[in-house]
Amino acid sequence: MPSGHALGRGPILMKTPSWRQQAGRRRLVVALAVLALALASGLIGALIHPVHAVSSRPATGPFSYIPPE
């Protein structure tokens, strides 16, 4: 007769993720890292060059160096 301690009181075995789940997690981590890098660089760019400083500069274009006739 089995003892009372043997009825489901052992350690729970965890199933390891499949290679598809691991690949999906890796893709998610890479996508989140790219998004975080884009947000961080946008924030740094906004702090270095405020909006009013950019709009106060004269507009230059491909024809700005050709004198008008």
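Within every chain, residues take consecutive numbers counted from 1 along the sequence as written. The predicted nature of this model means local features are confined to residues of pLDDT at least 70 and side-chain atom pairs, given and counted, to a pLDDT of 80 or more, with totals for whole chains, interfaces and linings taken over all residues. Values shown for side chains rest on all heavy atoms present in the structure; no hydrogens or waters enter the calculation.

Attention now goes to the overall build of the chain. Scanning the chain from terminus to terminus reveals two helices and zero strands. We call a residue buried when its accessible area falls under 20% of the maximum for its residue type, exposed when it is over 50%, and partly exposed in between, using a 1.4 Å probe and counting protein chains only. Residues classed as buried in the chain amount to 1% of the 69 residues present. By element, 70% of the accessible surface of the chain is carried by carbon and sulfur atoms, the whole surface being about 7200 Å². In this description a helix means any DSSP run of H or I spanning at least four residues, a strand means any run of E spanning at least two, and both kinds are numbered starting from the N terminus. To be clear on the numbers: accessible area is Shrake-Rupley with a 1.4 Å probe, and residue cover counts the displayed protein chains and nothing else.

A contiguous nonpolar surface patch, about 420 Å² in accessible area, is contributed by Leu28, Leu32, Leu35 and Leu39. When you line up the elements, Leu28 lands in helix α1 (residues 19-48). Excluding any residue in a salt bridge, patches collect residues exceeding 30% relative accessible area, merging like charges within 9 Å and nonpolar Val, Leu, Ile, Met, Phe, Trp and Tyr side chains within 5 Å. Between Lys or Arg on one side and Asp or Glu on the other, a salt bridge is scored when a side-chain nitrogen of the former is within 4 Å of a carboxyl oxygen of the latter.

Remember that the coordinates give geometry; whether it matters functionally is a separate question.
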